[in-house]
Amino acid sequence: MGIVSYGDTTRMRKFVRKLADNKPVTVTLVGGSITWGQGASDRKKTSWGGLFFTWINTTYPHANHILLNAAVPGTPSSYMALCWRFYIPRDPDLIIVEYNVNDGGDKSNDSPMRRAHERLLRSLLSLESKPAVIENVVMRIPEETIPEPRYKNAGGDDQIGTLAQYYHLPWISTRSLMWASMYHAEKAKRRNYTDWMADRDHPNDTGHRYIANLLIALVQRTPATLRAGDEKSLAEPLHLPLYAHNFETINNTCIVMEEFMKHVVTSKGFEWKNEGTQQKQKYGLIGMQPDAYFHFLLNTAENIEYNTRGDFSKVSIAYLASYEHMGMFEVSCISGCRCENLVVDGHKKEHNSQLFTAALDVSKSDSCLLKFRVLNSTSSGAWKVKVAGVILSPEHDDPSASMYFAVEHHGISNE
């Protein structure tokens, strides 16, 4: 229970072989606040990541292990699909991915968030070190207003599971582990979600321990044996994406954290601020009043090798969306480049706060000046705008661009 599938064990066996041979390994966790450790009493000791890292260090001690929690609270797959190069160290051996809660409950398989999740998986699987990739699917507990039969469908468990199956990934699930116990035939024996969840989205210490135990069992049950044909299997390119033309990112430039402010030329009414804590940092440039603005200088001539849409590159804006106090902002090209103005509304109905991305096409230029301005219009009654990053990337939903990448880098026929 809980380990839904061991998938194709080739990459996991390679990882376990390194551990058994007393070699250092690099393990990276990506996800949102669950992976960061929210809900645990001590994120370094009682979170699932902390417990898993402790087990590796205790069972396979090595001074040169690199065990990195690269989770970014309040972000979905779409953010990491663009910025994974900023967070993932070189040559990882194992990457554990957790985005079910933050990706939302959209049940359509071909939605933008599902497409982003696939691009993230493909990017990680395509790394030169050929890391093992595990899907950690944490069940979201729905509000009481949702009827019981839909309990299992509050998140995108099935949609992420489809991707895990398509790419033959190892896959653990708290829904698989706990669902039946919530509906035991004898009512007195039924488990309440509060036994293992701190709230409807985040596990408590017990829930974090459950997840860590599933991952430990997955490693323990994977044989440390390499087989004839493994090298050939690892060298083979990925098959076509599950979603049409949805190939992995190639060479994104993700401008976040300290690097972001190096590109801000002028600002009025915006402040660079950490709205989190020193441990749980949530930096961004924040404006609170209409007509506050900042100018951002960007080289849009970078990373367009596989962009077949003429002189234009894709620029994505990472911004905060929340259910209260958020305003609208406009992005425009004011010097050195051209684009159609982009208007973004940071207000949303769902009661959570997350970083989302919005994109615009910007003409090729080594000196493109963008203007971000808080608009007078508001759907929330307030005007807060928070911009956390700017990402330059190829266009992935353009069939011509995607097929060009497929032919050049995967040897796939476009007939």
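This text gives an overview of the structure that appears in the document.

Definitions and cut-offs
Residues numbered from 1 in each chain as written. Predicted model: local features only at pLDDT ≥ 70, side-chain atom pairs only at ≥ 80, totals over all residues. Heavy atoms only, no water. Pairing = 2+ DSSP bridges. Helix = DSSP H or I, 4+ residues; strand = E, 2+ residues; numbered from the N terminus. Axes fitted to C-alpha atoms, helices over the stretch in contact; angles between N-to-C directions. Contact = heavy atoms within 4.5 Å. Expected span 1.5 Å × (residues − 1). Polar contact = N/O pair within 3.5 Å; in protein donor to acceptor, adjacent residues only side chain to side chain.

The next point concerns the sheet that holds strand β6 (residues 171–173). Strand order in this open sheet of 6 strands is β1-β6-β5-β4-β2-β3, and the pairing throughout is mixed. Two strands bound the open sheet, and with one partner strand each, they are β1 (3–5) and β3 (66–69). For this sheet, the mean angle separating the axes of adjacent strands, direction not counted, is 20°. When strand β2 (residues 26–31) meets β3, the two strands line up parallel, connected through 4 bridges. Paired with T26 across the two strands is I66, which belongs to β3. In the packing of helix α1 (residues 10–20) onto the sheet, the strands contacted are β2, β4 (94–98) and β5 (132–137), and the crossing angle to β5 comes to about 105°. Helix-sheet contacts for helix α8 (residues 174–182) involve β1, β5 and β6, and the interaxial angle to β6 is about 30°.

Compared with an ideal rise of 1.5 Å per residue, which puts 16 residues at 22 Å, helix α9 (residues 205–220) spans 22 Å between its outermost C-alpha atoms and is within 8% of the ideal. A distance of 3.0 Å separates the backbone nitrogen of T206 from a side-chain oxygen at the start of α9, and that oxygen is part of N204.

As a general point, the strands of a sheet are linked pairwise by backbone hydrogen bonds and lie either parallel or antiparallel. With antiparallel pairing, the 5 strands of this open sheet are ordered in space as β8-β11-β16-β13-β14. Edge strands, defined here as strands with exactly one partner in the open sheet, are β8 (264–268) and β14 (342–345). Strand-to-strand twist in this sheet, taken as the mean axis angle between neighbours without regard to direction, amounts to 20°. By the bridge criterion, 4 bridges tie β8 to strand β11 (residues 293–298) in an arrangement that is antiparallel. Pairing of K268 across the sheet is with Y293, part of β11.

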